[in-house]
Amino acid sequence: MECSDGSNGGGAASNASALRWKILRRALLRGTSSNSDKISEVGLKRVSRKATLGFNLIPFQVMDGHSEENSDVQRDVCFCYTLPIQNSPTILQYQRVESRADLNDFEVCKRYNIDNTGIVCQWPSEDVLAYYCLLHANMFRHKRVIELGSGYGLAGLVIALATEALEVVITDGNPQVVDYIQRSIDANSGAFRASKVKSRVLHWNHEKAIDFSNRFDIIVASDCTFFKEFHKDLAQTIRFLLSKVGPSEAILLSPKRGDTLEKFLLEIEDSGLQHNITEIYDSEVWSRHQNFANGDDSWANYEKDHCYPLLVRITWTQDD
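What counts and how
Residue numbers restart at each chain and count upward from 1, following the sequence in its written direction. Note on the predicted model: pLDDT of at least 70 is required for a residue's local features to be given, and 80 or more for side-chain atom pairs to be given and counted; whole-chain, interface and lining totals, by contrast, use all residues. Water and hydrogen atoms were dropped before computing side-chain values, which therefore reflect all heavy atoms in the structure. Aromatic rings from Phe, Tyr and Trp, taking only the six-membered ring of Trp, are treated as a pair when their centres fall within 6.5 Å; an angle between ring planes under 30 degrees marks them as stacked, one over 60 as edge-to-face, and anything in between as tilted. Each residue gets one of three labels from its accessible area relative to the maximum for its type: buried under 20%, exposed over 50%, partly exposed in between, using a 1.4 Å probe on protein chains only. For a lysine, the NZ atom is tested; for an arginine, the CZ atom; a charge sits over a ring if that atom is within 6 Å of the ring centre and within 35 degrees of the ring normal. As used here, the term nonpolar core means buried Ala, Val, Leu, Ile, Met, Phe, Trp, Tyr and Cys residues forming a set that is joined through side-chain atoms within 4.5 Å. Residues count as neighbours in contact if any of their non-hydrogen atoms are within 4.5 Å of one another. Going along the chain from the N terminus, every DSSP run of H or I of four or more residues is numbered as a helix, and every run of E of two or more is numbered as a strand. Here, strands pair whenever DSSP counts at least two bridges between them.

Undergrad: Describe the packing of aromatic side chains, and please don't skip the residues or the numbers.
TA: Throughout the structure, instances matching the rule amount to 17 aromatic pairs. Relative to phenylalanine 216, the ring of phenylalanine 212 has its centre 5.2 Å away and its plane inclined at 85°; by these criteria the two rings are edge-to-face. Judged on exposure class, the residue phenylalanine 212 and its partner phenylalanine 216 are both buried. When the ring of phenylalanine 292 is compared with that of tryptophan 299, the centres are 5.1 Å apart and the planes differ by 70°; the resulting orientation is edge-to-face. You can call phenylalanine 292 buried: its relative accessible area is 8%. Lying across the ring of phenylalanine 226, arginine 257 places its NZ or CZ 5.1 Å from the centre.

Undergrad: I'd like a rundown of the nonpolar core, residues and numbers included.
TA: Core analysis: the largest hydrophobic core is formed by 77 residues, its most contacted members being Phe55, Ile146, Leu148, Ile238, Leu241, Phe264 and Ile314. With residues near it in sequence (within four places) discarded, isoleucine 238 still touches Leu148, Ile219, Ala250, Leu252, Phe264, Ile268, Leu273 and Ile314.

Undergrad: Explain the pairing of strand S10 (residues 310–316) to me, using residue names and the numbers behind them.
TA: Summarising burial for S10: 5 of the 7 residues are buried, a large majority. Relative to S10, strand S8 (residues 249–254) runs antiparallel, the two being bridged by 5 bridges. Along S10, the bridge assignment pairs leucine 252 with valine 312. Alignment of strand S9 (residues 273–278) against S10, held across 6 bridges, turns out to be antiparallel. Its bridge partner lying in S10, glutamine 274 is registered against threonine 315.

Here's what the structure looks like:
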């Protein structure tokens with residue numbers, strides 16, 4: 001999903017609105033762009049929060065001969081991520097890569113009452129989450145781990161390959177996305193060693209996940225708090241999934257995005273859980289954030305509130 005910049009003032013808001021309609025028009029039309037569309041490209045980037053590379057913490061290359069020249073005809077693509085650790089292991093990850101909207105996506109969203117953000121692209125907070133998990137691999141050793149709202153699931157794949165987790169379940173509410181996750185799991189199955197890795201369609205309604213009740217030592221998720229209508233279900237799902245035996249926690253990386261993170265954390269408190277927030281949790285992530293905030297044009301329209309993910313750790317209250 002591409003979000004507006006929240007500009008104030010009637011003229012600025014009107015202009016941004018017109019540009020957002022151009023994004024939608026370009027996604028739906030199958031013809032070539034007009035000259036006027038090309039002229040407004042800078043403006044389109046200004047109202048879009050989508051990042052081409054994001055924080056770019058885990059280097060990757062495109063496999064399967066994909067290039068910008070054939071991106072309109074090749075729907076699925078395989079990325080090869082090289083993990084920045086000893087022996088430089090690689091992860092293969094399948095994604096959909098195309099610039100046009102598929103009307104079937106909207107039908108799926110309506111049928112399952114979900115949003116389509118997971119299939120649009122790999123979002124920057126997922127890259128940061130994967131990097132964070134890689135740097136803190138010891139916390140996952142011999143643990144049962146689940147990723148919620150994973151999109152294409154880079155963080156879950158990293159945990160499965162590099163941390164010696166006992167079990168990793170990578171989930172999303174969109175069955176289309178879960179199909180891609182399973183393809184990636186199959187492509188990397190030989191590298192997971194003793195870790196049991198699987199994908200699953202999981203909506204944030206714990207009644208449909210009864211077999212997962214209090215099963216997981218660690219929950220991870222990135223940028224899952226944007227939609228306020230899902231806050232209560234997400235908070236209840238975290239409470240439902242967290243193990244009550246031994247230490248357990250949920251690790252979320254989410255931008256503030258106005259008051260959306262704050263509102264979600266109120267639901268966490270109402271669910272009987274406690275939380276803490278850390279702004280500077282890794283020197284490299286913080287350094288790249290500062291570069292973007294100071295005008296590095298490799299990330300158009302970077303804005304801290306919308307783009308920089310805070311580290312949120314959620315645990316049971318001490319009385320539980």
